[in-house]
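Structure assessment
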Amino acid sequence: MVYGAILSRGERFYTYLSRVLRAIGNRQTEYNWLITDCQCYPRTAEIGALLGERYCWMSGEELTALVEREDFQWIWAVLSGFPKEVPLERVLEHPLPYADGYEGFWKNPLTLQHPLAEVELVPWDSSATLVLSTRKELVEDYRRFSPLSEDLAQYNAQLR
């Protein structure tokens, strides 16, 4: 089962990853991350070039260091978290996740785009943050940290 949350109100800008990572209890270090469909505006050209590629693969520790170095606004992206034992080669056997235009976020039952991922963090058009995971406690922690967030499945049910 996949659990989800959406935060689309109550904050001035979305998505700042330092806040999202704190909200999930800094569990990002438990994963390796595939970052795809990324549009963001870091101050340094080095980070911009890294995230401007078709995909970026990094450890949770590297993601933490990137956010600590520069916590910029993310407009679009899918950050897919994989158990550390899943190698990049297996991850790349599947289509790359994308945010802009992906309709699956708005359908129940909730699913993760990548079949090997355990969590997906999605900056969505600079107007919302989506957190989806097979780990219920991760989504619950996010919801407690962000009290204006909503259950994504309930949100989707209201769209119908």
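The paragraphs below set out a description of the structure included in this document.

Thresholds applied
- Residues numbered from 1 in each chain as written.
- Predicted model: local features only at pLDDT ≥ 70, side-chain atom pairs only at ≥ 80, totals over all residues.
- Heavy atoms only, no water.
- Phe/Tyr/Trp six-rings, centres within 6.5 Å; stacked < 30°, edge-to-face > 60°.
- Helix = DSSP H or I, 4+ residues; strand = E, 2+ residues; numbered from the N terminus.
- Buried < 20%, exposed > 50% of the residue type's maximum accessible area, 1.4 Å probe, protein only.
- Pairing = 2+ DSSP bridges.
- Lys, Arg positive; Asp, Glu negative; His and termini not counted.
- Salt bridge = Lys/Arg side-chain N within 4 Å of Asp/Glu carboxyl O.
- Polar contact = N/O pair within 3.5 Å; in protein donor to acceptor, adjacent residues only side chain to side chain.

Looking now at the packing of aromatic side chains. As enumerated under the stated definition, the model contains nine aromatic pairs in all. Geometrically, the ring pair formed by Tyr98 and Tyr102 is edge-to-face, given 5.4 Å between the ring centres and 85° between the ring planes. Relative to Tyr155, the ring of Trp106 lies with its centre 6.2 Å away and its plane at 50°, an arrangement referred to as tilted. Separated by 49 residues along the polypeptide, Trp106 in the loop between helix 4 (88-91) and strand 5 (119-124) and Tyr155 in helix 6 (residues 152-159) bring together distant segments of the chain. A residue is classified by how much of its surface remains accessible, and Trp106, at 18% relative accessible area, is buried. Members of the aromatic cluster, each reached through a chain of ring pairs, are Trp76, Tyr98, Tyr102, Phe105, Trp106, Trp124 and Tyr155.

Let's shift gears to the sheet that holds strand 7 (residues 150-151). Strand order in the open sheet formed by seven strands is 3-2-4-5-6-1-7, and the pairing between neighbours is antiparallel. Two strands in the sheet have a free side with no partner beyond their single neighbour: strand 3 (55-59) and strand 7. Across two bridges, strand 1 (residues 3-7) lies against strand 7 in antiparallel orientation. Residue pairing for strand 7: Ile6 is matched across the bridge by Glu150.

Right, let's talk about the side chain of Glu120 for a bit. Within the secondary structure, Glu120 sits in strand 5. Buried within the structure, Glu120 lacks any salt-bridge partner; Lys107 is the closest side chain of opposite charge, at an N-O distance of 14 Å. A polar contact of 3.1 Å, which involves the side chain of Glu120, links it to the backbone nitrogen of Gln113. In this structure the side chain of Glu120 is engaged in a polar contact, spanning 3.1 Å, whose partner is the backbone nitrogen of His114.

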